[in-house]
Amino acid sequence: MRFRLPIKFVACTAYDKPGYDVRDRQNPEVSYGFVWDHRGRSKWVATYPHRRRGYHGDIPGFANRTMAGLFLYRYERPAYRHR
């Protein structure tokens, strides 16, 4: 059985940049953010959706689209850690 990512990428244009909307695989209505190929000093950049307060700015420096998307997914869905 193949591993399936908990997210899927939907090609779109946001912030005047072509890239991918990071969507939840189980509930496609949920967007975790947007990732795009910067082609500059850092390869991929992730940003949070506009609608969330306090989620401003871009996070540059991801090696690929999947890592940027998983970062956004993980940040939105933190796992509870029993200590």
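The notes below deal with the structure included here.

Conventions adopted
Residues numbered from 1 in each chain as written. Predicted model: local features only at pLDDT ≥ 70, side-chain atom pairs only at ≥ 80, totals over all residues. Heavy atoms only, no water. Helix = DSSP H or I, 4+ residues; strand = E, 2+ residues; numbered from the N terminus. Expected span 1.5 Å × (residues − 1). Buried < 20%, exposed > 50% of the residue type's maximum accessible area, 1.4 Å probe, protein only. Arc of directions from axis to C-beta. Polar contact = N/O pair within 3.5 Å; in protein donor to acceptor, adjacent residues only side chain to side chain. Pairing = 2+ DSSP bridges. Core = buried A, V, L, I, M, F, W, Y, C linked by side-chain atoms within 4.5 Å. Contact = heavy atoms within 4.5 Å. Salt bridge = Lys/Arg side-chain N within 4 Å of Asp/Glu carboxyl O. Phe/Tyr/Trp six-rings, centres within 6.5 Å; stacked < 30°, edge-to-face > 60°.

**Structural notes on helix α1 (residues 65-76)**
One turn of the α-helix equals 3.6 residues, which is why residues spaced by three or four share an orientation.
Logical step 1: If you check α1, its first and last C-alpha atoms are 17 Å apart, about what 12 residues at 1.5 Å a residue would give, namely 16 Å.
Logical step 2: Those residues of α1 not exposed but buried are A68, G69, L72 and Y73. Seen along its axis, α1 keeps its buried residues to an arc of 135°; they face one direction.
Logical step 3: Its side-chain oxygen placed 3.2 Å from the backbone nitrogen of T66, N64 serves as the N-cap of α1.

**Examining the pairing of strand β2 (residues 17-24)**
Logical step 1: Pairing geometry for strand β1 (residues 7-14) and β2, over 8 bridges, is antiparallel. Note that in β2 the partner of F9 across the bridge is V22.
Logical step 2: Joining the antiparallel neighbours β1 and β2 is a turn of 2 residues, in which Y15 adopts a positive phi near 55°.
Logical step 3: Relative to strand β3 (residues 31-37), β2 runs antiparallel, the two sharing 4 bridges. What sits directly across from Y20, in β3, is V35.
Logical step 4: Connecting β2 to the antiparallel partner β3 that follows it, the hairpin turn spans 6 residues.

**Description of the nonpolar core**
Logical step 1: By size, the foremost hydrophobic cluster in this structure holds 12 residues: I7, F9, V22, Y32, V35, W44, A46, Y48, F62, A68, L72 and Y73.
Logical step 2: Those elements that provide at least two residues to this core are β1, β3, β4 (44-47) and α1.
Logical step 3: Ignoring sequence-local partners within four residues, the contact set of L72 consists of V22, Y32, G33, F34, V35, A46, T47 and Y48.

**Details of the pattern of salt bridges**
Logical step 1: Using the criterion set out here, one finds 2 salt bridges in the structure.
Logical step 2: Its salt-bridge partner being K43, residue D37 comes within 3.3 Å of it at the nearest N-O pair.
Logical step 3: Judged by its relative accessible area of 19%, D37 falls in the buried class.

**Quick look at the packing of aromatic side chains**
Logical step 1: Across all of its chains, the model carries 8 aromatic pairs by this definition.
Logical step 2: Summarising the aromatic geometry, the rings of Y32 and Y73 are spaced 5.2 Å apart at their centres and angled 90° between planes, so their arrangement reads as edge-to-face. Taken together, the residues span a long stretch of sequence, with Y32 in strand β3 and Y73 in helix α1 at a distance of 41 residues. Accessibility classification places Y32 together with Y73 in one group, the buried group.
Logical step 3: With 5.3 Å between their ring centres and 50° between their planes, Y48 and Y75 make a pair best called tilted. A residue pair is termed long-range when its members are at least 10 positions apart, and Y48 in the loop between β4 and β5 (58-62) and Y75 in helix α1 qualify at 27 residues.
Logical step 4: Y48 gets classed as buried once you look at its relative accessible area, which sits at 9%.

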